[in-house]
Amino acid sequence: MKHVLSSDQYTKESLKEIFDLTDKIKNNPKKYANKLDDKIIAIMFYEPSTRTRLSFETAALKLGAKIITTENAGEFSSAAKGETIQDTVKVIAGYADAMVIRHKSDTSAIEAASVQKIPILNAGAGKGEHPTQALLDLYTIRSKKGRLDNLKVAILGDLLYGRTIHSLIKLLSLYENIEIYGLSKEVFALPQEYIDMLESKGVKYTKCNSFDELPKDLDIIYHTRIQAERFEGDYGKEEFIINKEVLDTFSKDTILLHPLPRVIEIATDVDDDPRACYFEQAHNGLFVRMALLLQVLDRA
Ligand code: CP
């Protein structure tokens, strides 16, 4: 059974398949309009979402599938009465052909998939992974830069709790000659296990303390929001804010990405800069998620 659980499951070849299919869907969506017209997709979100939930729902609808959904599953599903994820999946498998899940637990998607009844798509699992976001991030990088090798990438913001960061750097580590620069408040630094993972794959990781320490010829700046919902206490606000003045210190070819939602870390004065690609990135999520639904349901 095919699932989308972690960036760990992908190779360069399997990523190329997803991105080539995504290109085909984007260029000719009508061809795919009825591919899933006999399918029902369950969308179970135990945490808030705008992009991931609505793009998965739109992706399913554009493929002809029907959806069953609960937007606040922690409160409105029987999880509130103590039902386990596994029992929930065993029941939903009687209604739907695949299930998309977002949950506060790092192991939620793996637990759901362990039932092996229907394909599970991880739409964000605690501070662990958000693989479909990483896939759309990488697809956007491929579209904008024309390559996935030979990239200098800065990751900013919450490198500790940022699951999009964790999933993205795993995918980047598959490619040749990748350099990653981390810039965050010390309290949100990238955990050592991820630095070790990068080094084991030959990726050079450089921890930076200021914008001045980042190379000016970066290919990508990937900023993220401090995930305040994942920790107790107050560690203050983001210090490394990208506004027009900061962005203009980098190359005209440096693209700026963010999984969104943003809070203060990217000022709105850069939104109209051609290097600001985060809204296009979010839109790409629709097509990547269409490709993923087709793949897990063997209709690619
Ligand atoms: N990027 C992302 O996961 O956004 P949502 O929380 O709005 O789904």
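In short, a report on the structure. (Residues numbered from 1 in each chain as written. Predicted model: local features only at pLDDT ≥ 70, side-chain atom pairs only at ≥ 80, totals over all residues. Heavy atoms only, no water.)

This next bit is on the overall build of the protein. Within the protein, the regular secondary structure consists of 10 helices and 9 strands. Its C-alpha atoms give the protein a radius of gyration of 19 Å, within 12% of the compact-globule value 19 Å for 300 residues. For the C-alpha atoms alone, the extent of the protein along its principal axes is close to 55 × 45 × 40 Å. A total of 300 residues make up the protein; the buried ones form 56% of that total. Long-range pairs, those at least 24 residues apart, make up 77% of the contacts in the protein between residues at least 6 apart in sequence. Split by element, the accessible area of the protein, about 13000 Å² in all, is 49% carbon and sulfur. On the protein, the mean spot of the 40 positive side-chain charges and the mean spot of the 45 negative ones are 6 Å from each other. (Helix = DSSP H or I, 4+ residues; strand = E, 2+ residues; numbered from the N terminus. Rg over C-alpha atoms; globule rule 2.2 N^0.38 Å. Buried < 20%, exposed > 50% of the residue type's maximum accessible area, 1.4 Å probe, protein only. Contact = heavy atoms within 4.5 Å. Areas by Shrake-Rupley, 256 points an atom, 1.4 Å probe, with all protein chains shown as cover. Lys, Arg positive; Asp, Glu negative; His and termini not counted. Charge placed at Lys NZ, Arg CZ, Asp CG, Glu CD.)

This brings us to the packing of aromatic side chains. Counted according to the given criterion, the structure contains 5 aromatic pairs. Ring centres of Phe188 and Phe231 lie 5.5 Å apart, and the angle between their planes is 45°; this geometry places the pair in the tilted category. Of the two residues, Phe188 sits in the loop between β6 (178–183) and α8 (192–200) while Phe231 sits in the loop between β8 (220–222) and α9 (244–247), which places them 43 residues apart along the sequence. Judged by relative accessible area, Phe188 falls into the buried class, the value being 1%. Look at Phe231 and you get buried, because its relative accessible area is 13%. Between the aromatic rings of Phe211 and Phe240, the centroid separation amounts to 5.9 Å while the plane-to-plane angle is 90°, which identifies the pairing as edge-to-face. Of the two residues, Phe211 is situated in the loop between β7 (204–208) and β8 and Phe240 in the loop between β8 and α9; the sequence distance between them amounts to 29 residues. In terms of burial, Phe211 and Phe240 fall into one category: buried. A network of ring pairs unites the aromatic residues Tyr161, Phe188 and Phe231 as a single cluster. (Phe/Tyr/Trp six-rings, centres within 6.5 Å; stacked < 30°, edge-to-face > 60°.)

Packing of helix α6 (residues 131–145) against helix α7 (residues 163–172) leaves a shortest axis separation of 8 Å and a crossing angle of 55°. Here α6 is positioned oblique relative to α7, judged by the angle of their axes. Once α6 is placed against α7, the crossing between them reads as right-handed. Only Thr164, Ser167, Leu168, Leu171 and Leu172 of α7 make contact with α6, whose side of the interface consists of Pro131, Gln133, Ala134, Leu135, Asp137 and Leu138. (Axes fitted to C-alpha atoms, helices over the stretch in contact; angles between N-to-C directions. Parallel < 35°, antiparallel > 145°, perpendicular 65-115°, else oblique. Left-handed = near helix turned anticlockwise from the far one by under 90°.)

Among all positions of helix α4 (residues 85–92), only Ile85, Thr88, Val89 and Ile92 are buried. Projected down its long axis, α4 shows its buried positions confined to an angular sector of 95°, all on one face. The inward-facing, buried residues of α4 abut β1 (40–45), β3 (98–103), α5 (108–113) and β4 (120–125). (Arc of directions from axis to C-beta.)

Moving on: the sheet that holds β8. To summarise the sheet geometry, strands pair through backbone hydrogen bonds and adopt either a parallel or an antiparallel arrangement. One open sheet holds the 5 strands; their spatial order is β7-β6-β5-β8-β9, and the pairing between them is parallel. The outermost strands of the open sheet, each flanked by one partner alone, are β7 and β9 (255–257). Across this sheet, the average inter-strand angle for adjacent strands is 20°, counted without regard to direction. Summarising the sheet, strand β5 (residues 151–156) and β8 pair through 3 bridges and their orientation is parallel. In the strand pairing of β8, Val153 is matched with Ile220. Lying on the sheet, α6 is in contact with β5, β8 and β9; it crosses β9 at an angle near 165°. (Pairing = 2+ DSSP bridges.)

Now for a nonpolar patch on the surface. Where nonpolar side chains cluster on the molecular surface, the patch consists of Ile68, Val91 and Tyr95 and spans about 280 Å² of accessible area. Within the fold, Ile68 resides in strand β2 (residues 66–70). For Ile68, a relative accessible area of 35% gives the class partly exposed. (Patch = residues over 30% accessible without salt bridge, like charges linked within 9 Å, V, L, I, M, F, W, Y side chains within 5 Å. Salt bridge = Lys/Arg side-chain N within 4 Å of Asp/Glu carboxyl O.)

This part takes up the site of the ligand. Around the ligand lies a shell formed by Ser49, Thr50, Arg51, Thr52, Arg102, His130, Gln133, Pro259 and Leu260. Taking Ser49, its side chain carries an N or O atom lying 2.6 Å from an oxygen atom of the ligand. Within the contact set of the ligand, an oxygen atom lies 2.9 Å away from a side-chain nitrogen or oxygen of His130. Coverage of the ligand by the protein amounts to 91% of the 250 Å² it exposes when considered alone. Looking at the shell around the ligand residue by residue, the class counts come to 2 nonpolar, 5 polar and 2 charged. Each of two domains, domain 1 (7–129 + 285–296) and domain 2 (132–282), supplies a minimum of three residues to the shell around the ligand. (Near = heavy atom within 4 Å. Polar contact = N/O pair within 3.5 Å; in protein donor to acceptor, adjacent residues only side chain to side chain. Nonpolar A, V, L, I, M, F, W, Y, C, P; charged D, E, K, R; others polar. Domains from an automatic or database assignment.)

Quick look at the pairing of β1 now. Across the 6 residues of β1, 5 count as buried, placing the element largely inside the fold. Sheet topology places β1 next to β2; 5 bridges connect them, and they run parallel. Residue pairing for β2: Ile43 is matched across the bridge by Thr69. In this region the chain leaves β1, passes through helix α2 (residues 51–62) and returns to the parallel neighbour β2; the handedness of that crossover is right-handed. (Right-handed = clockwise from strand over helix to strand, strands pointing away.)

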